[in-house]
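Residues per chain, in single letters:
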Amino acid sequence: MHYYLPEEETHVEFYEPLSDEDYHKIETSLNLVSEFRYYKRLKEFVVLNFKEITAFLDNSPKKITEVKFSVDYIKSTDVEFVKIELNRLLMNYLSSIRTYLDHSETKLKKRYGKSSSEFDNFKKSTNKLYDNKFAYRFIYKLRNYAQHIELPISKIGYETQRVMKSQEIRRTLTPYFDRDELLTKYSDWGVVEDDLLREKRTFPLMSIIEQMTDSILKVAEVVEKDIRKSFSLPLKEVLCMIENKSSERGMVFLARDIKKNSKGEVILYTNVFLPINEMREILNESTES
């Protein structure tokens, strides 16, 4: 990523050229920060999709009944819109779950190897959740159901309550899974089939995805802790190198692709931002964990 100086009056002071070894260390640290940022981005996909579903359910009851004080009738088109939008959001959520797990597994295996402690810790974490959490097992399988068989949400509950003192009308939308529909239309649930048979005929969405989101955050905690440890030494070395050049007057950056005129004066270069704060954050959290 390239950043350019924003003002012509900015004073630039060039230090001595980096050795090939030091340049390689800085390039490596930039790649490490970018890689760590990618893991956090994957996690945020899950969190943001979860928040979007929550916000939709909070706001939809107001929108579809905003012109009425009490609810005797809701248009079928309003209900259809809720089903379409809710399934769209849930499909996004399911996709982000699978993306987080698949990308994390692939990247950890590629960087550290299949027999590494980092990869082993990731697999132990996901296996433990699969073995002990119905929500994790169910969502893991539900993604295949939603991708290949049927939209996952077919039933929407709507409830209104009047608060006697204030006469306020409280409206709640509750999406449900239909156990029998899930079992009838899909035969590849594996051990989750027994789980579903123990559930009621309909069971609510939100408690399931709340637990699943919490599970993904637990996996992310394990993954990020191991990555911080492995990145710690190279980042410390580069941060020390950078901070020795830093001053209160400005920021240190890496200049490359330098071009000079016939007098040896620098006339053009590419300014590469050095994410010092992100390096510090990774190192600080590594020290605390």
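Here the focus is the overall build of the protein chain. Helix and strand counts for the protein chain stand at eight helices and five strands. Order of helices (α) and strands (β) in the protein chain, N terminus to C terminus: α-α-α-α-β-β-α-α-β-α-β-β-α. Considering only contacts in the protein chain between residues 6 or more positions apart, those separated by 24 or more positions represent 72%. Surface summary for the protein chain: the accessible area is close to 17,700 Å², and the carbon and sulfur share equals 49%.

On inspection of all chains with the given rule, the structure shows 13 aromatic pairs. Consider the rings of Tyr130 and Tyr136, whose centres lie 6.5 Å apart with planes at 85°: the pair is edge-to-face. Judged by relative accessible area, which is 23%, Tyr130 ranks as partly exposed. Among the aromatic residues, those joined into a ring-pair cluster are Phe134, Phe138, Tyr145, Phe177, Tyr186, Trp189 and Phe203. One Lys or Arg, Arg98, reaches over the ring of Tyr140 and ends 5.4 Å from the middle of that ring. The ring centre of Tyr38 lies 4.6 Å from the NZ or CZ of Lys107, which sits over that ring.

The next thing to look at is helix H7 (residues 205-243). In this model H7 runs just 50 Å from its N-terminal to its C-terminal C-alpha over 39 residues, more than 12% under the 57 Å that 1.5 Å per residue would give. The sharpest bend along H7 reaches about 50° and sits at Ser232, with the proline Pro234 one to four residues further on.

On to the side chain of Arg179, then. Inspection of the secondary structure assignment puts Arg179 in helix H5 (residues 179-185). Its relative accessible area of 17% is what places Arg179 among the buried residues. Side chain to side chain, Arg179 and Asp180 meet in a polar contact 2.9 Å long. Those residues in contact with Arg179 that lie beyond four places of it in its chain are Leu196, Leu197, Glu199, Lys200, Arg201 and Phe203.

Glancing now at the confidence of the model for the protein chain. When pLDDT is low, close inspection of the predicted coordinates is not appropriate. When pLDDT is averaged along the protein chain, the result is 84, and 82% of the positions lie at 70 or above. Across the protein chain, element-level confidence peaks in helix H3 (residues 117-132) with a mean pLDDT of 97 and bottoms out in strand S1 (residues 155-163) with 72. Confidence drops under pLDDT 50 across residues 1-5; counting only partners more than four residues distant or on other chains, this segment forms 14 contacts. In this model residues 67-72 is a low-confidence stretch, pLDDT under 50, and it forms 10 contacts with partners more than four residues away in sequence or in other chains.

Core analysis: the largest hydrophobic core is formed by 67 residues, its most contacted members being Ile53, Tyr93, Phe138 and Phe177. Elements with a contribution of two residues or more to this core: helix H1 (20-64), helix H2 (76-112), H3, helix H4 (134-148), strand S2 (168-178), helix H6 (192-198), H7 and helix H8 (276-288). For this core, the element with the most residues is H7, which contributes 16 residues. The residues contacting Tyr93, other than those within four sequence positions of it, are Val46, Asn49, Phe50, Ile53, Ile209, Met212 and Thr213.

Further remarks concern the packing of H3 against H4. One way to put it is that H3 packs onto H4 with a least axis distance of 5 Å and a crossing angle of 100°. On the basis of the axis angle, H3 is roughly perpendicular to H4. For the pair H3 and H4, contact is made by Thr126, Leu129, Tyr130, Asp131 and Asn132 and by Phe134, Tyr136, Arg137, Tyr140 and Lys141, respectively. Across the contact of H3 with H4, the residue classes tally to five nonpolar, two polar and three charged.

Bringing the pairing of strand S4 (residues 253-260) into the picture now. Both S4 and strand S5 (residues 266-273) contribute to a ladder of six bridges, which runs antiparallel. Considered in S5, the bridge of Leu254 is made with Val272.

The N-to-C vectors of H3 and H7 enclose an angle of 170°; their axes lie 10 Å apart at closest approach. Looking at the two axes, H3 sits roughly antiparallel to H7. Across from Ser117, Glu118, Asn121, Phe122, Ser125, Thr126 and Leu129 in H3, the residues of H7 making contact are Ser215, Val219, Val222, Val223, Asp226 and Ser230. Looking at the contact of H3 with H7 residue by residue, the class counts come to five nonpolar, six polar and two charged.

What counts and how
Residues numbered from 1 in each chain as written. Predicted model: local features only at pLDDT ≥ 70, side-chain atom pairs only at ≥ 80, totals over all residues. Heavy atoms only, no water. Helix = DSSP H or I, 4+ residues; strand = E, 2+ residues; numbered from the N terminus. Contact = heavy atoms within 4.5 Å. Areas by Shrake-Rupley, 256 points an atom, 1.4 Å probe, with all protein chains shown as cover. Phe/Tyr/Trp six-rings, centres within 6.5 Å; stacked < 30°, edge-to-face > 60°. Buried < 20%, exposed > 50% of the residue type's maximum accessible area, 1.4 Å probe, protein only. Lys NZ or Arg CZ within 6 Å of the ring centre and 35° of its normal. Expected span 1.5 Å × (residues − 1). Bend = angle between axes of the 7 residues up to and from the residue. Polar contact = N/O pair within 3.5 Å; in protein donor to acceptor, adjacent residues only side chain to side chain. pLDDT = per-residue confidence, 0-100. Core = buried A, V, L, I, M, F, W, Y, C linked by side-chain atoms within 4.5 Å. Axes fitted to C-alpha atoms, helices over the stretch in contact; angles between N-to-C directions. Parallel < 35°, antiparallel > 145°, perpendicular 65-115°, else oblique. Nonpolar A, V, L, I, M, F, W, Y, C, P; charged D, E, K, R; others polar. Pairing = 2+ DSSP bridges.

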